[in-house]
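Take a look at the letters that make up each chain.
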Amino acid sequence: MKRILFVDDESKILDGIRRALHGDRKRWDLQFAVGGEAALQACEAGSFDVVISDMRMPGMDGATLLGHIRDRFPSTARIILSGYSEGASATRAVPVAHRFISKPCDAAELQATIERVCTLQDVLCTPDIRRIVGTVGELPSLSGVYTSLLQAVNNPSTSIREVAEILGHDMAMSAKVLQLVNSAFFGLAQTVTSLLSAAGFLGMETIKNLALVSETFRVFVPDSRIPPSFFESIQKHGETTAVIAAALPVDAKTRDVAVVSALLHDIGRLVLASKMPDQFCAVLSRASERGCQGFEAEEELLGTSHAEIGAYLLGLWGIPHLAVEAIAHHHRPTRISHNGFEGSVVLYVADLLARESEAHPQDSTGSKLNESDRTCLETLGILSQLAEFRRLGFEAQQKSQPPVSPPSRRAAASGHNA
Ligand SMILES: [Fe+2]
Ligand SMILES: [Fe+2]
């Protein structure tokens, strides 16, 4: 049974939550703490899967509490409840909270958020993931520049100028970040040539996430048995998926998460290609023998897929929790309930359309959907919108600079179908 801790300085509010979630007491062990100190004591006494804290509390506020929980109980999911009026102070919780729920919130929203967080924990904590991460051995470490960037962004007093200066120490990373900033998915009106203005336009968090894109493609280099074009095709596919994701009808916040997750969504394939090349070659052969998708062959042979492996790693490396979730479910978005067209659904659709366009670059009408995608789109209730999504994605690719080129024959031979 999942253990969930609610924290508020007002016991009346906790009583309200207890009553609202009364029906869930058989599936969740619900505990309540009045104030941050009591919450930390409860965590010491027995670990929790999820902690949901109010932001504004006298003494230790929600951001401080979740910071302690992050340091002492890193596997606990951290959610902050904050009211509209707390705007500025709630930004202090950005580095420490996995999720935000705005107050007042109803029982259904609380339940849905807890369910999703618990599903993600379950999907990423399977014996198969642990076995693979164990087999991979020591994961490559991230560069000092990225680590400093992560620390700087996590510190509320850091200025945009400091972030730009840290990034400026790594030429390759800076160049990649500027290339991504100027890509079609951010739709900036003018070309941005300095890191300072890039950070000013897009915010420190997005710049840090783009640096991670560059970092991930640097630390994972496929084994010599994998065609070199595979590496290129994964990067290209991520960028095409990001262009399409940004063109889909979503709000600006969802779009930023969708772009980051699109750029990184197949990183698990790179992990397999560089760290488990024999098994990865077996996956490619199985997928082409069966005519199935890569992730299905991975599930069959490895017990899990690149979606969960990538999400697990990127979670350790500090990408936003919503992006981790989108990546973890990008081939199986029906595993969780959705609040409209968001997260893993947007990524799933963008990936599907990117693969369509890579297979038939000049065809905007789309290839025939396979049965499992049709069923998935039907379950998500968006099958009838696919033609419109396809049109938006196709137009965005036409407009994007440089134009998306058809895959080379070598790239096609590398079996990119994830
Ligand atoms: Fe994938
Ligand atoms: Fe993909």
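Just so you know, the residues in each chain are numbered from 1, in the order the chain's sequence is written. Labels are handed out in written order, letters beginning with A for the chains and numbers beginning with 1 for the ligands. This being a predicted model, a pLDDT of at least 70 is required before a residue's local features are given, and a value of 80 or more before pairs of side-chain atoms are given or counted; all residues contribute to the totals for chains, interfaces and linings. To obtain the side-chain values, all non-hydrogen atoms of the structure were used and water was disregarded.

Caption draft 1: Highlighting the sheet that holds strand β5 (residues 99–102). Two strands form a pair only when DSSP identifies at least two bridges running between them. Segments assigned H or I by DSSP are reported as helices when at least four residues long, segments assigned E as strands when at least two residues long, and all are numbered from the N terminus. Within the open sheet, the five strands sit side by side as β2-β1-β3-β4-β5. Their pairing is parallel. The strands lining the two open edges of the sheet, one partner per strand, are β2 (28–34) and β5. Geometrically, the sheet is characterised by an average inter-axis angle of 20° between neighbouring strands, direction not taken into account. Pairing analysis gives five bridges linking strand β3 (residues 50–54) to strand β4 (residues 77–82), with the strands arranged parallel. Along β4, the bridge assignment pairs Asp-54 with Leu-81. Throughout, a residue-residue contact means that at least one pair of heavy atoms, one from each residue, lies within 4.5 Å. Every axis corresponds to a line fitted to the C-alpha atoms, with the helix fit spanning only the stretch in contact, and the corresponding angles, defined between N-to-C directions, vary from 0 to 180 degrees. Packing against the sheet, helix α1 (residues 11–20) makes contact with β1 (2–8) and β2, and its axis sits at approximately 170° to β2. Here helix α5 (residues 107–124) sits on the sheet in contact with β1, β2, β3, β4 and β5, set at roughly 135° to β1.

Caption draft 2: Region of interest: helix α19 (residues 343–359). A helix is expected to span 1.5 Å multiplied by its residue count minus one. The end-to-end C-alpha distance of α19, which contains 17 residues, comes to 25 Å, matching closely the 24 Å that a straight helix rising 1.5 Å per residue would cover. The rule is simple: take the accessible area with a 1.4 Å probe, protein chains only, and divide by the maximum for that residue type; under 20% is buried, over 50% is exposed, in between is partly exposed. Extensive coverage of α19 is indicated by the burial of 16 of its 17 residues.

Caption draft 3: Broad picture of the packing of aromatic side chains. Ring geometry is summarised as follows: Phe, Tyr and Trp rings, the Trp one being its six-membered ring, pair when their centres sit within 6.5 Å, and such pairs are stacked at plane angles under 30 degrees, edge-to-face over 60 and tilted between the two. Going through the model one piece at a time under the given rule, you end up with five aromatic pairs. Seen from their ring centres, Phe-230 and Phe-280 are 5.3 Å apart, and the 65° between their planes marks the pair as edge-to-face. A residue pair is termed long-range when its members are at least 10 positions apart, and Phe-230 in helix α12 (residues 229–247) and Phe-280 in helix α15 (residues 277–290) qualify at 50 residues. Taken as a pair, Phe-230 and Phe-280 share a single burial class, namely buried. Taking the ring centre of Phe-48 as reference, the NZ or CZ of Arg-3 above it sits at 4.2 Å. Over the face of the ring belonging to Trp-28 we find Arg-27, whose NZ or CZ atom lies 3.9 Å from the ring centre. A ring has a charge above it when a Lys NZ or an Arg CZ is no more than 6 Å from the ring centre and no more than 35 degrees off the ring normal.

Caption draft 4: Structural detail: the environment of Glu-109. Relative to the helices and strands, Glu-109 resides in helix α5. Accessibility expressed as a relative area gives 34% for Glu-109, which makes it partly exposed. Sequence separation of Glu-109 and Asn-339 is 230 residues, and the distance between their C-alpha atoms is 9.2 Å.

Caption draft 5: The pattern of salt bridges, seen in detail. Salt bridge, as used here: a side-chain nitrogen of Lys or Arg that lies within 4 Å of a carboxyl oxygen of Asp or Glu. Evaluated as defined, the whole model comprises 25 salt bridges. Between Asp-278 and Arg-225 there is a salt bridge, with its nearest N and O atoms 2.4 Å apart. Pair noted here: Asp-278 is in helix α15 and Arg-225 is in the loop between α11 (204–219) and α12, with a separation of 53 residues, a long-range link. For Arg-225, a relative accessible area of 47% gives the class partly exposed. As a salt-bridge pair, Glu-300 and Arg-286 come within 2.4 Å of each other at their nearest N and O atoms. With Glu-300 in helix α16 (residues 294–302) and Arg-286 in helix α15, the pair connects residues that are 14 residues apart, well separated along the chain. Connected via shared salt-bridge partners are Arg-99, Arg-116, Glu-325 and Glu-342.

Caption draft 6: Representation of the environment of Ala-164 within the structure. Take Ala-164: it is sitting in helix α8 (residues 160–167). Remark: the alpha-carbon pair of Ala-164 and Gly-200, spanning 36 residues in sequence, is separated by 9.4 Å. Not counting residues up to four positions away in its chain, the partners in contact with Ala-164 are Leu-195 and Leu-196.

Caption draft 7: Focus on the side chain of Thr-113. By the secondary structure assignment, Thr-113 is in helix α5. Polar contacts here mean pairs of N or O atoms no more than 3.5 Å apart (in protein, one a potential hydrogen donor and the other a potential acceptor; neighbouring residues in sequence count only if both atoms are side-chain atoms). A polar contact is formed between the side chain of Thr-113 and the backbone oxygen of Glu-109, at a distance of 2.8 Å. If we ignore the near neighbours within four places in the chain, the residues touching Thr-113 are Ile-79, Arg-99 and Ile-101.

Caption draft 8: Spatial organisation of the environment of Thr-147. As for its position among the elements, Thr-147 is in helix α7 (residues 144–154). The spacing of Thr-147 and Leu-212 is 65 residues in sequence and 9.8 Å in space, taken between C-alpha atoms.

Caption draft 9: Highlighting the packing of helix α14 (residues 267–275) against α15. Direction vectors running N to C along α14 and α15 enclose 120°, while the axes themselves pass 5 Å from each other. Classified by the angle their axes make, α14 and α15 are oblique. Residue-level inspection shows Arg-269, Leu-272, Ala-273, Ser-274 and Lys-275 of α14 in contact with α15, the latter providing Pro-277, Phe-280 and Leu-284. Note on residue categories: nonpolar means Ala, Val, Leu, Ile, Met, Phe, Trp, Tyr, Cys or Pro, charged means Asp, Glu, Lys or Arg, and polar means any other residue, Gly included. For the contact of α14 with α15, the residue count by class is five nonpolar, one polar and two charged. In these notes the angle categories are as follows: under 35 degrees is roughly parallel, over 145 is roughly antiparallel, 65 to 115 is roughly perpendicular, and the rest is oblique.

Structural measurements only, silent on function.
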